[in-house]
Amino acid sequence: MIFHDLFWYSEKSGQRFGKDMTNPSTDREQRVLHLYERVLEIEQRLIPTGLHVFGLPSADREIRDLLQVVASFDRPEMGIRALTELVAEGMSFPSYQTLLKESASSSERMTEREQVESITREAITIFIETESQRASEFLLNRANVAAEQSLKVFSMLAGLLHQLETNNELDSLVRALGGRYIEPGPGADIVQNPSILPTGRNTHAVNPYAVPSPSAVRRAAPVAEALLSRHLDETGRYPESIAMVLWGIDNIKTEGEAVAQALHLMGVAPRRDSLGRATDVEIIPLDKLNRPRIDVVMTVSGIFRDLFGSTMALLDRAARTVAMLDEPADMNYLRRHTGEQISEGGSFDEAAVRVFSNAAGNYGTNVNFMVLESQWEDSRELGDLFVTRKCFAYGRDSEGRQFEGREARALLERALERVEVTYQNIDSFEVGITDVDHYFEYLGGVTKAVEKRAARPRVYLSDTLSPAAKVRTLEETIHLEARTKLLNPRWQEGMLKHGFSGVAEIEHQVTNTFGWSATADAVDEWVYDKVAETFVLDEEMLKRLSALNPHSARVMVGRLLEAAGRGYWSANGEVLSRLQEVFTGLEDRIEGVSG
Amino acid sequence: MKITVFYVGTSLLSPLKRAEEEINRQSDIGLEVSTHNCGAALANDEWARAEMDVSDSHIVFIIHVTDQENASRISSAIDRNRERLRAVIAFNCMPDLMRRTRMGKLDFAALMKSRDTSEKENDSRSIARKIGSWMAETIRGRREKKNGHANPAQYLKLISKMPAILKFVPATGRLGDIKNYLFLFCYFLQPSPANIRSMLVYAIKHYGGVKARMEIAPPEQMPVVGIYHPDADKIFDSFDTYRKWRERKLKKRLEPATTIGLLLMRPQIISEARQHYDGLIRAIEREKLSVIPAISTFMDNRDACREFFIEEGKARVSQIVSLTGFSFVGGPAMNDATASVEFFKELDVPFRSLVSLDVQTIENWEQSRTGLNAVQAAMQVAIPEIDGAVEPFVFGGLSGRGVQPEPIEDRCQRIARRLARWNRLQTAPRSAVRLAIVMFCFPPNKGNIGTAADLDVFPSLMEILARLKSEGYSVTVPATAEELRKVVLEGNSDETGLLANVAYRMSVDEYRRLCPYVSDIEREWGSAPGVINANGRELFMLGAHLGNIFVCVQPTFGYEGDPMRMLAAESATPHHGFMALYTYIEKVFRADAVIHTGTHGALEFMPGKQAGLSSSCWPDRLMGELPNVYLYSVNNPSEGTIARRRSYAELISYLTPPVENAGLHRELATMKELLAAYRRTTDDAERDQLYEAIEAQARQMNLT
């Protein structure tokens, strides 16, 4: 039984047991540690517990968790080290990053990690309840952290606290309406970049020529390698071709980390001209790369296309350069694939196109509209729609002529046929993959498009906004999101505080989860069981939702029925008929309301 | 005699062409000046023409070229023709190109190579080396960093003294060639038509190998800074002389409240390549606004602002509009946004930066579905945004037909009118200011009215309305957020069956009368009024009037129940209901400004160019002349930037919601206890038991 479970587990999560299989007790230790790590991952994940009201400071917000996470990042630009790293160092443990990476496989590391976290947490609590000095003394005594170091962190946290207690948004609005100057400011998650505060500023993007920045290049390589080694672990080989979704949002916040990942997968790095602009690529030699160059098909959002025109050119140039390298085909998949396509009768310019986006002046895949409005019959239509919207090629041909959105459906289809992995970089916990409809329209859309032409690819997401970046499968990510948000009373109650809008948020979360069924069939049935149980079969909850916002409650129940009707959820008959009954009841109620 | 000039920008073409004509009128050397604008990478066919030109030229000038690809191609073409070319003269280029400078005995490559070899070089080498590296550093912006801040004015002063100094330099040998280089540089830095002509003649005389009897005037000195006006016959060296002239002419005072400060590029003024400036200035004056068009040294625009726009710490202007196309402090190669922001905060005057098409032609921009090319979008839009610039309109540029930059009239008018709108916001009594507050509803169902990422919209509106009331705006504030919701959601929606209350019914006649784009929309969506927010005769504006404030609901793209439209690769136009709402806001309700509430709506994603919109782009048509203030989630700089560029929005960022650890609820908490107990215990029997419990629990809760 246990063995069966272990096999099942090892297949599903990709952990390899190999030689340990002969030693059940070690396996058991590993399994327990693995589960323990999973539970901590859930417990420690940051989630929003409400909505913002414009102009109001969040005085009563529970601040400790946020401060703890903010204090867990090195901030070299401010000369500040992570509190967790300082504690780990003071305790003579390996670095906190190492502890995070190794705690799932070593009990000792797990114990050390928990110790570091608990000391840090206590220090933050002392800081909030008393003041910096006391917290710093505590750290000195408890973990041998130099006061000079910890005080820098607390001074940053004090600044953050102060800024959260005030709010300039209404003042700024009034100033804007009076035609005054509105100060610009960066945009990011608060954890990533506390200098987004104060809000009430005119958010700006970045200079595209600075992308990817040297630090983005540094951070990207290990993530790209982690993605490949995860695939290697699960399948025993490198993916020949990866379809990567590129967005503006993470590339602005990280100055191009995802761009740098794409370049690294192809085995190149940006080369800067004498003005520091990234306009060309440098080849990483194969003996240094130690693996084949991966073929990367870039499906780019209309927003990225607009904000990163010069980066589009850089990515196109990278693909063309790599495709032309005189290297063995089994070490350069891009070259192999373009070669194949040319032998089928294509030109080099056709075969080497890798940067695709919407037609100029258009945005989005419409896959989200199709799903939200239930306007599809066969899920393959969703993949086709993705291709229809995204098959416009961008770049420069061998004659040096720009093409800005040339329709190239056949070329995108040909490129997708070879794709084994679809992937997107995520650097935010504030915007999760079931919070908005854009993740499933893009990553789900491209996955469905590949599935129709080849087989269902493996789908991965990185989670780079963390002291130790992780690569997860789509399924793991969805289930983590469901457990921490939709199925978590803390999240539910946070939303319900906002009444009408809160119910709409719950409904969106259900609908966006459903979007992952429609596009990637990536939602386990138990999620739907639990959603139905929590929000519909629970009479008390149903009453609250229906009273606060019957319109959204109706859409949510309808979505569950749709999941069952389309075969993503085999709900039992009783549950279904109850859902049906509730749905009809809500419709009547709304009809009644609107006469 | 053939001279090829590689250049960047809009200012040089016109004086070069004028010089060519004039020289040919005055001599029989048969001068041919071929020019190539190298702002963006050339395509192969364009390059082939350029290379042909190099291969039968006698002299090549390379000016301001910083594009890597162009630079490499020019370098190798020069190298291939090295033996044949009589002189290669580079100014303000990247080091690779500077190195190609070769005139007589002067060879920058040799000088730059021998940099470290010997300290005891003769003076001629060191002069040239210093100049070479000075110029290379200048364009890289390093000098500014070293000295703390740029001081191009001082540098121009130095240059103005140079001809006098150079008189004492012997005219023969290598020193003579250095002298010639510096002379040419002096002409180039004051690129008046006369100086550019002199520059060509000087080069021809010394290196062209032809005997031409032509006078060469000493470099004509031009003012470093000043105020320009198309109606004046001279450049004003102080604000007071300008003011006197202007006030006499206008017969009224220059009031700060109605005066716009314009920052102009010096070379364009000196080169008399300024029709685009003239067009914009006149368009602004037609709106009854005054202007102070200041010539700026582009490295640090604060100098010109301090000199001409500020009097004893107070602004003489209501808005500052940069036409330089570069960052406010730092010039083309760097951007000191901190300094810019400090400056504007202290002065408290809003900042706009407009786009002149310098590295693409007007025709190319018009026809391009992208609009601005990547170089211009980065340099002239993305970088100024970091300084806080808003409303990145294109106002003019070079046409493929002409040699003078031209204004784009309809853009100039739109810019001017929007400036006037912003001025009205600055000065009108609050009780007279009318605002439209636009909410979103996506996907369209009643439950989603007031959808915005991270924001609880109705309580937010209550905060906003209350604040506006206290500021003196004339607004009726409902008692609670719930009541406000009812006013908007319910109202008469029972009778109409629509999503929300109908605040105004616009007849099809009125729609046709007020909106010039109806026929374009009808081609796509059929006869007005269509089916969205309409009843066959009228179009409905959903929302409610609360005094001078109109709270309304933006329709969506209108794909719902219309799979054919959803399946299209490209969308064409907004629907009638969408267009009608913004027509109503601008022309019937007569709003002074619009506030969009929260991340995000559909307007800024309507078809059109990506940046630098034209009058045929739908976001431009929808926004019209309305100032747009957009409340936007601070964690979404990407979609927010689209709103800034395509709907001319000023973003007001809002905070994201409070966050906490997810924590462990119910069975997850149990699971953690079981796992912790297992890790604690050393008793084998207990471990076996716990392990079974753990596996059972894991199965039950699908935890893998």
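As the structure is a prediction and not an experimental result, all values here were calculated from the model.

Draft legend 1. Summary view of the overall build of chain B. When its secondary structure is counted, chain B shows 29 helices and 24 strands. The dimensions of chain B, computed from C-alpha atoms along their principal axes, are 95 × 90 × 55 Å. The buried share among the 704 residues of chain B stands at 65%. Contacts in chain B between residues at least 24 apart in sequence constitute 72% of all its contacts with a sequence separation of at least 6. Counting 88 positive and 87 negative side-chain charges, chain B places the averaged centre of each group 7 Å from the other.

Draft legend 2. Molecular detail of the overall build of chain A. Looking only at helices and strands, chain A features 28 helices and 13 strands. Here chain A has a C-alpha radius of gyration of 25 Å; the compact-globule value for 595 residues is 25 Å, and the two agree. Dimensions of chain A along its principal axes, counting C-alpha atoms only, are 75 × 70 × 65 Å. Within the span of chain A, comprising 595 residues, buried residues form 64% of the whole. Of the contacts formed within chain A by residues at least 6 apart in sequence, a portion of 71% connects residues at least 24 apart. Roughly 20,600 Å² of accessible area belongs to chain A as shown, and the carbon and sulfur atoms make up 49% of that amount. Of the side-chain charges in chain A, 66 are positive and 90 negative, and the distance between the mean point of each set is 3 Å.

Draft legend 3. Representation of the environment of A:Thr203 within the structure. Here A:Thr203 shows up in strand S3 (residues 202–203). Taking C-alpha positions, A:Thr203 is 9.4 Å from A:Ala188, a pair spaced 15 residues apart along the chain. Sequence-distant contacts of A:Thr203, defined by excluding residues within four places in its chain, comprise A:Gly185, A:Pro186, A:Gly187, B:Pro637, B:Arg644, B:Leu651 and B:Ser653.

Draft legend 4. Looking closely at the packing of aromatic side chains. Residues and elements named next belong to chain B. Taken as a whole and assessed by the stated rule, the structure comprises 42 aromatic pairs over all chains. The interplanar angle of 50° and the centroid separation of 5.4 Å between the aromatic rings of Phe 91 and Tyr 181 together place this pair among those described as tilted. Taken as a pair, Phe 91 in strand S4 (residues 87–91) and Tyr 181 in helix H9 (residues 173–189) lie far apart in primary sequence, 90 residues in all. As far as the burial class goes, Phe 91 and Tyr 181 line up, both buried.

Draft legend 5. Structural view of the sheet that holds strand S16 (residues 405–407) of chain B. All names here are of chain B. Judged by pairing direction, the sheet is mixed, and its three strands sit side by side in the order S14-S15-S16 without closing on themselves. The sheet terminates laterally at strand S14 (355–357) and S16, the two strands that pair on one side only. On average, each strand axis in the sheet is inclined to that of its neighbour by 25°, with strand direction left out of account. Against the sheet, helix H18 (residues 409–427) engages strand S15 (394–398) and S16, with an angle of about 150° to S15.

Draft legend 6. Main features of the side chain of B:Ser399. Residue and element names in this part refer to chain B. Summarising the element assignment, Ser 399 is placed in the loop between S15 and S16. Within polar-contact distance, the side chain of Ser 399 engages the side chain of Glu 363 at 2.7 Å. For Ser 399, the contacting residues outside a window of four places in its chain are Thr 361, Ile 362, Glu 363 and Glu 406.

Draft legend 7. Spatial organisation of the interface of chain A and chain B. In this assembly, 138 residues from chain A lie in contact with 134 residues from chain B. Buried surface at the junction of chain A and chain B, both sides included, amounts to about 12,000 Å², of which 58% is carbon and sulfur. When the buried area of chain A at its contact with chain B is split by residue, A:Phe54, A:Leu177 and A:Tyr181 rank highest and sum to 7% of it. The tally of links between chain A and chain B comes to 13 salt bridges. Between A:Glu114 and B:Arg679 there is a salt bridge, with its nearest N and O atoms 3.6 Å apart.

Draft legend 8. Geometry of the sheet that holds strand S13 (residues 351–353) of chain B. Residue and element names in this part refer to chain B. Read across the open sheet, the five strands follow the order S7-S9-S8-S12-S13; overall the sheet is mixed. Of all the strands in the sheet, the pair left with one neighbour each is strand S7 (226–227) and S13. In this structure, strand S12 (residues 319–322) lies alongside S13, joined through three bridges in parallel fashion. What sits directly across from Val 321, in S13, is Arg 352. Packing of helix H13 (residues 275–286) onto the sheet brings it into contact with strand S8 (259–265) and strand S9 (290–296), and relative to S8 it is tilted by some 180°. Along the sheet face, H18 touches S8, S12 and S13 and points at about 155° away from the line of S12.

Draft legend 9. Structural detail: the domain arrangement of chain A. Residues and elements named next belong to chain A. Taken as a whole, chain A is organised into domain 1 (2–165), domain 2 (177–203), domain 3 (231–475) and domain 4 (485–593). The distance between the C-alpha centroids of domain 2 and domain 3 comes to 31 Å. Taken residue by residue, the interface counts six residues in domain 2 and seven residues in domain 3. Between domain 2 and domain 3 lies a buried interface of about 540 Å² when both sides are counted; carbon and sulfur atoms form 51% of it. On inspection of domain 2 and its partner domain 3, the count reaches one salt bridge. Here Lys 253 and Asp 189 are joined by a salt bridge, their closest N and O atoms 3.3 Å apart. Our count for the contact surface shared by domain 2 and domain 3 stands at six residue pairs in polar contact (both at pLDDT 80 or more). Among the residues forming the side of domain 2 that touches domain 3, the class breakdown is three nonpolar, two polar and one charged.

Draft legend 10. Region of the structure containing the domain arrangement of chain B. Once the domains are mapped, chain B shows domain 1 (2–207), domain 2 (226–427), domain 3 (430–654) and domain 4 (666–700). The centre of domain 3 of chain B, based on its C-alpha atoms, is set 56 Å off from the matching centre of domain 4 of chain B.

Draft legend 11. Region of interest: the confidence of the model for chain B. All names here are of chain B. Here chain B averages 91 in pLDDT, and 92% of its residues register 70 or above. Per-residue pLDDT stays below 50 along residues 116–125; that stretch engages in 10 contacts with residues further than four places along the chain or on separate chains. Confidence drops under a pLDDT of 50 for residues 138–150, and excluding neighbours within four residues, the segment shows 24 contacts in the predicted structure.

Draft legend 12. Highlighting the environment of B:Ala649. All names here are of chain B. Mapped onto the elements of the fold, Ala 649 is located in strand S23 (residues 649–654). Between the alpha carbons of Ala 649 and Thr 681 there is a distance of 62 Å; along the sequence they are 32 residues apart. The residues contacting Ala 649, other than those within four sequence positions of it, are Val 390, Asn 628, Tyr 630, Ala 643 and Arg 644.

So, how was this worked out
- Residues numbered from 1 in each chain as written.
- Chains lettered and ligands numbered in written order.
- Predicted model: local features only at pLDDT ≥ 70, side-chain atom pairs only at ≥ 80, totals over all residues.
- Heavy atoms only, no water.
- Helix = DSSP H or I, 4+ residues; strand = E, 2+ residues; numbered from the N terminus.
- Buried < 20%, exposed > 50% of the residue type's maximum accessible area, 1.4 Å probe, protein only.
- Contact = heavy atoms within 4.5 Å.
- Lys, Arg positive; Asp, Glu negative; His and termini not counted.
- Charge placed at Lys NZ, Arg CZ, Asp CG, Glu CD.
- Rg over C-alpha atoms; globule rule 2.2 N^0.38 Å.
- Areas by Shrake-Rupley, 256 points an atom, 1.4 Å probe, with all protein chains shown as cover.
- Phe/Tyr/Trp six-rings, centres within 6.5 Å; stacked < 30°, edge-to-face > 60°.
- Pairing = 2+ DSSP bridges.
- Axes fitted to C-alpha atoms, helices over the stretch in contact; angles between N-to-C directions.
- Polar contact = N/O pair within 3.5 Å; in protein donor to acceptor, adjacent residues only side chain to side chain.
- Buried area = accessible area lost by both parts, 1.4 Å probe.
- Salt bridge = Lys/Arg side-chain N within 4 Å of Asp/Glu carboxyl O.
- Domains from an automatic or database assignment.
- Nonpolar A, V, L, I, M, F, W, Y, C, P; charged D, E, K, R; others polar.
- pLDDT = per-residue confidence, 0-100.

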